[in-house]
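# Structural description and commentary
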Amino acid sequence: MTRSGDGRALPPLVVNGEDRAAPADPRVSLLDFLRDGVGLHAVHAGCEQGACGACTVLLDGRAVRSCLVLAVSAAGRAVTTVEGITPPGGLHPVQDALVRHHGLQCGYCTPGLVMTAIDLLAATTGPLDETVVREAISGNLCRCTGYSGIVTAIVEVSEGGAVSEGGAVSEGGAVSGRRAVTRR
Ligand code: FES
Ligand code: FES
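All figures in this text were calculated on a predicted structure; none of them were measured in a lab. (Residues numbered from 1 in each chain as written. Chains lettered and ligands numbered in written order. Predicted model: local features only at pLDDT ≥ 70, side-chain atom pairs only at ≥ 80, totals over all residues.)

Here we come to the pairing of strand S4 (residues 62-65). Where burial is concerned, the two faces of S4 differ: the one with Ala63 and Arg65 is buried and the one with Arg62 and Val64 is not. Linking strand S3 (residues 56-59) back to S4 in an antiparallel pair, the connection comprises two residues, with Asp60 at a positive phi of about 50 degrees. (Buried ≥ 20, exposed ≤ 12 C-beta atoms within 10 Å, placed from the backbone. Helix = DSSP H or I, 4+ residues; strand = E, 2+ residues; numbered from the N terminus. Pairing = 2+ DSSP bridges.)

Working note: α-helix, 3.6 residues per turn, so residues spaced by three or four point in the same direction. For helix H1 (residues 30-37), the set of buried residues is Leu30, Leu31, Phe33 and Leu34. Residues of H1 that are buried sit in contact with strand S1 (13-15) and S3. Of the residues flanking the end of H1, it is Gly39, one or two places downstream, whose phi is positive at about 85 degrees. (Contact = placed C-beta atoms within 7 Å.)

What follows covers the sheet that holds strand S2 (residues 18-20). Pairing is mixed in the open sheet, where five strands are placed in the order S2-S1-S5-S3-S4. Edge positions in the sheet fall to S2 and S4, since each has one partner strand and no second. Neighbour-to-neighbour, the strand axes of this sheet turn through a mean angle of 40 degrees, independent of strand direction. Here S3 runs beside strand S5 (residues 78-80); their pairing, made up of two bridges, is antiparallel. Counted as the bridge partner of Leu58 is Thr80 from S5. Against the sheet, helix H4 (residues 110-122) touches S3 and S4, its axis set at about 40 degrees to S3. (Axes fitted to C-alpha atoms, helices over the stretch in contact; angles between N-to-C directions.)

With respect to the secondary-structure elements, Val155 resides in helix H6 (residues 148-160). Filtering out sequence-adjacent residues up to four positions away, Val155 remains in contact with Leu128, Glu130 and Val133.

Bringing the pairing of S3 into the picture now. With four bridges connecting them, S3 and S4 associate as antiparallel partners. Across the sheet, Leu59 pairs through a bridge with Arg62, a residue of S4.

This part is about the packing of helix H3 (residues 93-100) against H4. At their nearest, the axes of H3 and H4 sit 10 Å apart, and the two run at 125 degrees to each other. Between H3 and H4, the crossing angle belongs to the class labelled oblique. As for how H3 packs across H4, the hand of that crossing is right-handed. Judged by residue contacts, Val94, Gln95 and Leu98 of H3 engage Thr110, Val114, Ala117 and Ile118 from H4. (Parallel < 35°, antiparallel > 145°, perpendicular 65-115°, else oblique. Left-handed = near helix turned anticlockwise from the far one by under 90°.)

Core analysis: the largest hydrophobic core is formed by 48 residues, its most contacted members being Leu34, Val94, Ala117, Ile118, Ile150 and Ile154. Broken down by secondary-structure element, the contributors of at least two residues to this core are S1, H1, S3, helix H2 (82-85), H3, H4, helix H5 (130-136) and H6. The biggest single contributor to this core is H4, with eight residues. When residues of this core are sorted by domain, at least three fall in each of domain 1 (13-84) and domain 2 (86-160). Setting aside residues no more than four positions away along its own chain, Leu34 makes contact with Val15, Leu40, Val43, Val57, Ser66 and Thr81. (Core = buried A, V, L, I, M, F, W, Y, C linked by C-beta atoms within 7 Å. Domains from an automatic or database assignment.)

Read these as spatial facts, not as claims about activity.
This is the structure we're talking about:
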């Protein structure tokens, strides 16, 4: 059992639905914990100072830069990585749209971009304007694509229906994840 500095027992982090004991070292970032402690290597390390967005994950459903979060501060909270939203043998609707619109090349930025897009889409009730999408992903740097395909993909998903963390596009307002958007 990991304990905080004042001796309190820390609850586990809930990573993609599974309990993971918080690291004993309070200096470990959530990024390093997810990659080195849990083995989730799709959480990419880029700048490691909050500038590139490659390390973006969901913390209690909201996008955060995991390089700027201490793992112990996420104890007892829900952490979702791109591994957690990808259905077995398939793709999340955002991933699928990115592939179809050539919204990735090397793919280094992609996991973080997907998580930012899911946060944006889950907080949205209608089709997204391209300007809104560009603003929302402005903290996720992509050196390959020129962003056009990424923006097109996210706009398309926003026009198509609900997006949840669980990877489903809901029909008629069915909610399959903790945060979801209802089809118009
Ligand atoms: S690695 Fe976290 S923002 Fe760049
Ligand atoms: S696809 Fe290469 S950095 Fe975005």
